[in-house]
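# Commentary on secondary and tertiary structure
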Amino acid sequence: MEKTEPACQSNPLGNYIWEDVPDATKWADCVHCGLCLEACPTYQETGEEQNSPRGRVYLIKSVAEGKISLDEAFADPIYNCLDCRACETACPANVQVGGLIEEARGQINQSMPLSGISGTFKKTVLNQFFPHKKRMDKLGTLMRFYQKSGLQKAARKTGAFNVMPDHLKDMEATLPDVGKPVLGRYPDIIPAEGKTKGRVAILTGCVMDVMFNDVNEATIRVLTHNGFEVGLPPDQGCCGALHIHAGERDAGKQLAKKNIEAFKDYDKILVNAAGCGCALQEYDELFRNDPEMLPLAEEFSEKIEDITKFLYDHDFKRPQSEVNTTVTYHDACHLAHGQGVREEPRQLLEGIPGVEMVDLPDADRCCGSAGIYNLTHPEMAGRLLDRKIDDVPGDVDMISMGNPGCMLQIAMGVQKYGRKEKVVHTVQLLDWAYEKDKQKMHEYEL
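Description of the structure in this document. If you're wondering where the values come from, they're calculated on a predicted model, not measured in any experiment.

Thresholds applied
- Residues numbered from 1 in each chain as written.
- Predicted model: local features only at pLDDT ≥ 70, side-chain atom pairs only at ≥ 80, totals over all residues.
- Heavy atoms only, no water.
- Phe/Tyr/Trp six-rings, centres within 6.5 Å; stacked < 30°, edge-to-face > 60°.
- Helix = DSSP H or I, 4+ residues; strand = E, 2+ residues; numbered from the N terminus.
- Buried < 20%, exposed > 50% of the residue type's maximum accessible area, 1.4 Å probe, protein only.
- Lys NZ or Arg CZ within 6 Å of the ring centre and 35° of its normal.
- Arc of directions from axis to C-beta.
- Contact = heavy atoms within 4.5 Å.
- Pairing = 2+ DSSP bridges.
- Axes fitted to C-alpha atoms, helices over the stretch in contact; angles between N-to-C directions.
- Core = buried A, V, L, I, M, F, W, Y, C linked by side-chain atoms within 4.5 Å.
- Parallel < 35°, antiparallel > 145°, perpendicular 65-115°, else oblique.

### What about the packing of aromatic side chains?
Pairs of aromatic rings are described using the distance from one ring centre to the other and the angle between the two planes. Tallied over the full model, the rule gives three aromatic pairs. Between Phe228 and Phe310, the ring centres sit 4.9 Å apart and the planes meet at 65 degrees, which makes this aromatic pair edge-to-face. With Phe228 in strand β5 (residues 228-231) and Phe310 in helix α18 (residues 307-313), this residue pair connects regions lying 82 residues apart in the sequence. Judged by its relative accessible area of 4%, Phe228 is buried. Judged by relative accessible area, Phe310 falls into the buried class, the value being 3%. Relative to Phe300, the ring of Tyr283 lies with its centre 5.2 Å away and its plane at 15 degrees, an arrangement referred to as stacked. With Tyr283 in helix α16 (residues 283-286) and Phe300 in helix α17 (residues 294-302), the pair connects residues that are 17 residues apart, well separated along the chain. Counting every residue linked through ring pairs, the aromatic cluster contains Phe263, Tyr283 and Phe300. In this structure, Arg199 packs its charged tip against the face of Tyr266, placed 4.1 Å from the ring centre.

Laid out in structure tokens, this is it:
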């Protein structure tokens, strides 16, 4: 991706002098009532006003009013935010804290680019890998070789990872089995089974298609089994969510333009990763100051829907075969708080014969993954993960959810504490039930 120099804003807002200033209308309705405080994971952990939604909104507004500077003291609490949007659910005035946080990070990023692990990750992984499918595919090939050649076993046996920080060592220990990406391996159009009810496209994602290609495969099977023709536009790419979260708004916009063009022939675009879905739904916010792109972004964002909501709204086929297991459900932040999708995934799970649902206390509290937060803020992420694992009921077989970052994070917690629960994507459970139905039908026909 071509690097562009940040441009100064022609009409600066206080001490925000760069392009894409925070939107003042987003903080206008905040009355500092404090109802957001107990919903905020970082405030729960620290009790510090600056690490609360109300405090962060005040800081962002204060920079706009010229009362404080755009400096490190401002940047720390802004980047300490998980951007989990729990405060937005709690806020009676519907203050868009997540949007303000991302816009403020855009200003920080242009004024004083990130350093340390955050800066290194951005320069290497975010900018050199995620936007480039061929590079991501090669990374996946290397990871498969590492896992299947015996190198992984040898490295673990010899303690080669002992020099790594504990959180990175734990992440390596819970890497899923890496398969081959769906995009480029499957045809661009996959026909429905039986009578066609409709036509949809799916975002395969970047990390999703490298590390969770099995979830993408399950998503395709579930949709075609329900009578939908599935499109895989070959020119689609990374949604840009992690770039936007990190303040890399220009990079996010370039990726957004690519996806808007790639999916232009589809009226419905389905997503199985909560963070990606939320970002796609907010492309219109990303282009709010671009009169040329805004209409296209608004049209695009209206097409986006989470896979579980789509299946529920379109009367998904109830499986006939039993999947005898006990399941608890974790609400991914950007699904529950970002998209307002809560009951639909639970309804899908309850529609599977043999599945016994067990409530997870504080199911919609962040697990600490939050994009790359568990890499940039491992101590806080670890504290939140500890709380999440403590809440998991001791009598369940599986923990279901709808976001890859959560799956990696919670799997890490399960292993860390010697738990036995299997971490799964909601769509996978439905897919397994359908596969049992097909096996029974095949046996009957024989």
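### Describing helix α10 (residues 166-173)
Turning to α10, its buried residues number three or more, namely His167, Met171 and Glu172. The buried residues of α10 occupy an angular sector of 140 degrees when the element is viewed end-on, so they sit on one face. Residues of α10 that are buried in the fold lie against α8 (133-148), α9 (151-158), α21 (373-376), α22 (378-391) and α23 (404-416).

### Remarks on the sheet that holds strand β4 (residues 198-202)
Across a sheet, paired strands are connected by hydrogen bonds in the backbone, their directions being either parallel or antiparallel. Ordered in space as β3-β5-β4-β6-β7, the five strands form an open sheet in which the pairing is mixed. Each edge of the sheet is formed by a strand with only one pairing partner; in this case those strands are β3 (189-190) and β7 (304-306). With two bridges joining them, β3 and β5 adopt antiparallel strand pairing. Bridging from a neighbouring strand, Ile189 pairs with Gly231 of β5. Strand contacts of helix α12 (residues 213-225): β3, β4, β5 and β6 (269-271), with the helix running at about 145 degrees to β5, the strand carrying the most contacts. Sheet strands in contact with helix α15 (residues 274-281) are β6 and β7, and its direction is about 155 degrees off that of β7.

### Here's the deal with the environment of Ala274
Within the secondary structure, Ala274 sits in helix α15. For Ala274, a relative accessible area of 1% gives the class buried. Between the alpha carbons of Ala274 and Pro404 there is a distance of 8.1 Å; along the sequence they are 130 residues apart. Apart from residues lying up to four places away in sequence, Ala274 is in contact with Ala332, His334, Leu335, Gln339, Gly402 and Asn403.

### Looking at unusual backbone geometry
Even without being a glycine, Asn94 presents a positive backbone phi close to 60 degrees. Relative to the helices and strands, Asn94 resides in the loop between α5 (86-90) and α6 (97-111). Here Asp362, not a glycine, exhibits a phi torsion of approximately 50 degrees, which is positive. Looking at the element boundaries, Asp362 is found in the loop between β9 (355-357) and α21. Owing to a relative accessible area of 46%, Asp362 belongs among the partly exposed residues under this scheme.

### A few points about the nonpolar core
In terms of nonpolar packing, the biggest core is built from 91 residues, with Leu223 and Tyr283 touching the most fellow members. Residues within four places of Leu223 in sequence aside, it is in contact with Val200, Ile202, Phe228, Val230, Leu270, Ile307, Phe310 and Leu311.

### Let's talk about the packing of α22 against α23
In the contact formed by α22 and α23, the axes pass within 10 Å of each other and the chain directions differ by 70 degrees. In this view, α22 runs roughly perpendicular relative to α23, as classed from their interaxial angle. Each of Ala381, Leu385, Asp386, Lys388 and Ile389 in α22 lies in contact with α23, whose residues at this interface are Gln409, Ile410, Met412, Gly413, Val414 and Lys416.

### Examining the pairing of strand β10 (residues 398-401)
Taking every second residue as pointing to the same face, both faces of β10 are buried, with Met398 and Ser400 on one and Ile399 and Met401 on the other. Alignment of strand β8 (residues 325-329) against β10, held across three bridges, turns out to be parallel. In the sheet register, Val327 faces β10, and the bridge partner there is Met398. With four bridges joining them, β10 and strand β11 (residues 422-425) adopt parallel strand pairing.

### Description of the sheet that holds β9
Spatially, four strands are ordered β9-β8-β10-β11 in an open sheet, and the strand pairing comes out parallel. Edge positions in the sheet fall to β9 and β11, since each of these pairs with one other strand and no more. If you compare each strand with its neighbour and ignore which way they point, the axes differ by 35 degrees on average. Across the face of the sheet, helix α20 (residues 343-350) comes into contact with β8, β9 and β10 while running at roughly 180 degrees to β8. Along the sheet, α23 makes contact with β10 and β11, crossing β11 at roughly 170 degrees.

### A closer look at α17
Given 3.6 residues per helical turn, the α-helix brings residues three or four places apart onto the same face. Along α17, the residues that are buried comprise Ala297, Phe300 and Ser301. On an axial view of α17, the arc spanned by its buried residues comes to 95 degrees, and they lie on one face.

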